[in-house]
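# Commentary on secondary and tertiary structure
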Amino acid sequence: MAEGRDSRGLAEQLAPLMRDVRQRTAVIQPVSQVLLRVNAKPGTDRFADCVRKILPWMSNRSGRPLPHAAWNLESFELSDVGAQPTAAVSLADPRFWAARLDDADRNVPQRTWITEVAVGLQPEGDVLFGARLVCASRGEAPGFERTVPGFVKAITQLGVELDGRPIAAGGPTLIEREVDVDDLVDLLEDPARRCPAVVIALPEGSCDANQAVIDAGELSRKVLGAAHVFLITGPATFHLTDRMGKEMSVFRAAVRIYRRGFNRGRDEPVRHPLFLPERIRAWGDDGVKGFAGYLRDQVLATSVRGSDREDELPAFRTVRQMAAQRERDEARKRGGSADELLDLYKDDNERLQRELAEQLEYYDSEVKQAQSEREQAQQEAQEARGQLLALRERVRALEKAVKGGTAQAHATPIPEQLDDLATWARDNLSGFVVVHNRAVQGAKKSEFMDPSLTYKALLLLRDLYVPMRVEGGKERKEAFELAARELGLENSPVGEAVKQYPTEYTVNFGGLPRTIDWHLKKGDSREPRHCFRLYYFWDEDSQCVVVGWLTSHLRNSMS
């Protein structure tokens, strides 16, 4: 090797530069969006009422007192030392007010929460109110919980409509009479509906809101202005089923999301996901709480998708450009000097340069997010097609056995070797357990003395673990644990090793990196012949176990 030549790979040499680029480039993630109509009220100025509901919230976060112009509903920009970037633009004709506040995260360095809000007066006297929340991160971009700005609740106290239907800040809309069901169906099928509708059913025969599987009131508050939330009584679900059919209805303590564009005569039921109470209670490690967070994030993520986000209310930058243009036009009309016009152009140009840079970052993030979602969807579709084909083959084999009179109850065959594990898994586990290709490759190198234990452990997951996760119940849990002990297996979480060695404990599934955070284990010896490990995770969406590694021991703090 020549003296002084850098032996590192190109990626390693570029790593410091890439870290610097990530520190300077923002990752822009839209969080939530709200669009409400505030009903006109004779003798009141609903436009001013809306703005004055928002200003205290801005004042609490701006870092410095808002100027007098703010409280007079005039344009202002707060740029004092120690202040957070805060600005508003006011137009007289049409009457319009738009504002933006950049709130630095108190816990995550280089993360900023950008809140844009707009208030516009309609010709008939109603007021359109919109709010958009965006997360901008530089460097690392850890996950976050989606929310709506706190002032949305204050706006709803003025009397508002979402998709033309009244909503209240107090909680979900109760569906208990047949006429309520008719109104609900009309909303669900309204082609103009923009926002998703979440319908939470009470148990059969119940009218007690406390018996709902999730807290409908809490969900309603957290997605306020971004989604419709309904609580339907047990008796009313029968009317809903009569109107919609069983496949498109929701009943017996289940929860359903009806997405925009719902058409019961054309849609597939899976487009409007239904969650049964057993599945909700067994959701991940946090059960009902985890499902509630998932549901909230799903609903709020929907609010920021689509190309029509600015159709009703323009973004803050657009309104500021309009105001700047009007200011220049007015200066010309009154005969302003060349220096005055030049200063206006310079100020506007500087703002446009900043906004252009921000827009480039925003659209770059949007493109990357869209590409990621596309790739994820393609991978999910491929995996779903693979599982579907495997299930069809199993069905055909069973039908053939039934027609030939050879079908009988028999134990699943246990091969003597692991050479054809992938085929065996496809024929016997499809729909319940997915043996990841990484696990198949690991099994081919297995030195464990008893290959049959691998098959028995996989059948244990298929026959007892999956029912335990899907259906829940103490009896199923005890049955699984007993069967595991009879095989000499212990089921336990992996622990801190998933954080210490993330590469070893991560596989791609459904288009996303997933952590294999549980394992079935037997033996503590470091000798591969006497130590068995099956690493897996539970995939909530597919209701399957995904086995990520077999049969050797992965590295941990004791390795």
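Residues numbered from 1 in each chain as written. Predicted model: local features only at pLDDT ≥ 70, side-chain atom pairs only at ≥ 80, totals over all residues. Heavy atoms only, no water.

Before going further, it helps to spend a moment on the packing of aromatic side chains. Enumeration according to the criterion identifies 17 aromatic pairs in this entry. Ring centres of F275 and W283 lie 6.0 Å apart, and the angle between their planes is 70°; this geometry places the pair in the edge-to-face category. Per residue, the accessibility class of F275 equals that of W283, and both read buried. Arranged with centres 5.1 Å apart and planes meeting at 70°, the rings of W283 and F291 form a pair that is edge-to-face. (Phe/Tyr/Trp six-rings, centres within 6.5 Å; stacked < 30°, edge-to-face > 60°. Buried < 20%, exposed > 50% of the residue type's maximum accessible area, 1.4 Å probe, protein only.)

In terms of residue burial, strand β6 (residues 127-138) counts as a mostly covered element, since eleven of its twelve residues are buried. As judged from the twelve bridges shared by strand β1 (residues 26-38) and β6, these two strands associate in the antiparallel manner. In the sheet register, L35 faces β6, and the bridge partner there is G130. Bridge count between strand β5 (residues 111-121) and β6: eleven bridges; the pairing is antiparallel. Bridged to A118 within β6 is G130. Following β5, the chain reverses through five residues before pairing antiparallel with β6; G125 in that reversal takes a positive phi of roughly 105°. (Helix = DSSP H or I, 4+ residues; strand = E, 2+ residues; numbered from the N terminus. Pairing = 2+ DSSP bridges.)

Over its 20 residues, helix α14 (residues 452-471) extends 28 Å from the first C-alpha to the last, a length consistent with the 28 Å expected when each residue adds 1.5 Å. Along α14, the largest kink reaches about 35° and is centred on Y465; proline P467 follows within four residues of it. Burial analysis of α14 places 14 of its 20 residues in the buried class, the great majority of the element. Note on α14: the residue one or two positions beyond its end, G472, has a positive phi of about 70°. (Expected span 1.5 Å × (residues − 1). Bend = angle between axes of the 7 residues up to and from the residue.)

Right, let's talk about unusual backbone geometry for a bit. Each neighbour pair has its own omega, and for D93 with P94 the value is 0°, a cis peptide bond. Residue T551 is reached from L550 by a cis peptide bond, and omega for that bond is -20°. In this structure, T551 sits in strand β20 (residues 544-551). The backbone of Q110 shows a phi angle near 60°, a positive value even though the residue is not glycine. Along the chain, the position of Q110 falls in the loop between β4 (96-104) and β5. One non-glycine residue, D163, adopts positive backbone phi at about 55°. Note on D163: relative accessible area 18%, which makes it buried.

Now for the pattern of salt bridges. For the coordinates displayed, the defined rule picks out 27 salt bridges. Close ionic contact of D102 with R100 constitutes a salt bridge, the shortest N to O distance being 2.9 Å. In terms of burial, D102 and R100 fall into one category: buried. Between R462 and D463 there is a salt bridge, with the nearest N and O atoms lying 2.6 Å from each other. Look at D463 and you get partly exposed, because its relative accessible area is 40%. (Salt bridge = Lys/Arg side-chain N within 4 Å of Asp/Glu carboxyl O.)

Keep in mind these numbers describe shape, not what the thing actually does.
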